[in-house]
Amino acid sequence: MSVFLADEQGEEFDLAGIHNLAELVLSTEGYPKETEVTLIFVDEEEMSSYNERFLNRTGPTDVLAFPVEDLLPGVAPDADPTGPPLMIGDVIIAPAYVKRQSIEFEVGFDDEMALMVTHGILHLMGYDHQADEDASTMEGRETEILAMVGKKRR
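For every chain, the first residue of its written sequence is number 1, and the numbers climb from 1 along that sequence. The predicted nature of this model means local features are confined to residues of pLDDT at least 70 and side-chain atom pairs, given and counted, to a pLDDT of 80 or more, with totals for whole chains, interfaces and linings taken over all residues. Neither water nor hydrogens contribute to the side-chain values; these are computed over all heavy atoms in the structure.

Draft legend 1. Quick look at helix H4 (residues 109-124). Each helix corresponds to a stretch of at least 4 residues labelled H or I by DSSP, and each strand to a stretch of at least 2 residues labelled E; elements are numbered beginning at the N terminus. For a helix, the expected span equals 1.5 Å multiplied by the number of residues minus one. When the terminal C-alpha atoms of H4 are compared, their 23 Å separation across 16 residues agrees well with the 22 Å that a helix rising 1.5 Å per residue should span. The buried label goes to any residue with under 20% of its type's maximum accessible area, the exposed label to any with over 50%, and the partly exposed label to all in between, with areas taken from a 1.4 Å probe on protein chains only. Of all 16 residues making up H4, 14 are buried, and the element is well covered by its neighbours. Taken from the residues just after H4, Gly126 is the one with a positive phi, measuring 100°.

Spelled out as structure tokens, the structure:
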């Protein structure tokens, strides 16, 4: 697994733990070892810019996911031994926003950051939460993965 991290903001968090969690999400979902994902950590101003530019929403948010492939939840694609690595997309997270959100929801900042990473990567893998049944599936998967690293889903 290749997890690329870009920390472009000032909030402190466990970058190594986030890297390991991202690898766990990919491997737990059965993705080939050649899979690549990028996690970008930005300040709220930058997140507001992304949110407005790509989703026509005002203000910052916690996490955005930009998939490269059209994947199905729970179905890992096969590796192509002669092709390029499977790049599934980018996840953008605003840690300062996540920190405020963790206080609001009365959960630990590390737990909330772990949820955002897991949530974002699952979105890249085709999981969604628009319909109740899909939300239940995604939330269940988040809970299972977070439990593997001793984190709780709010």
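From this point, things continue past the structure.
Draft legend 2. Molecular detail of the sheet that holds strand S3 (residues 63-67). Here, a strand pair is defined by DSSP locating no fewer than two bridges between the strands. Read from one edge to the other, the open sheet built from 4 strands follows the order S1-S2-S4-S3, with strand pairing classed as mixed. Of all strands in the sheet, those with a lone pairing partner are strand S1 (2-7) and S3, marking the two edges. Each neighbouring strand pair of the sheet contributes to a mean axis angle of 15°, computed without reference to strand direction. Of the pairings in the sheet, the one linking S3 to strand S4 (residues 87-93) comprises 5 bridges and is antiparallel in character. Each bridged residue has a counterpart across the sheet, and for Val63 the counterpart in S4 is Ile93. Seen against the sheet, helix H2 (residues 44-55) touches S3 and S4 and runs at an angle of roughly 50° to S3. For helices, the fitted axis covers only the stretch in contact; all axes are lines through C-alpha atoms, and the angles between them, taken along N-to-C directions, range from 0 to 180 degrees. We call two residues contacting when some pair of their heavy atoms lies within 4.5 Å.

Draft legend 3. View of the pattern of salt bridges. Salt bridges, as used here, are contacts in which a Lys or Arg side-chain nitrogen is within 4 Å of a carboxyl oxygen on Asp or Glu. Applying the stated criterion across every chain, the model contains 6 salt bridges. For Arg100, the salt bridge goes to Glu44, with nearest N and O atoms at 2.7 Å. Within this pair, whereas Arg100 is found in helix H3 (residues 95-104), its partner Glu44 is found in helix H2, the two being separated by 56 residues in sequence. Here Arg100 falls in the partly exposed class, since its relative accessible area comes to 44%. With its nearest N and O atoms 2.5 Å apart, the salt bridge here joins Glu142 to Arg153. Residue Glu142 is found in helix H5 (residues 132-148), and its partner Arg153 is found in the segment after H5; the two are separated by 11 residues along the sequence. Judged by relative accessible area, Glu142 falls into the buried class, the value being 1%.

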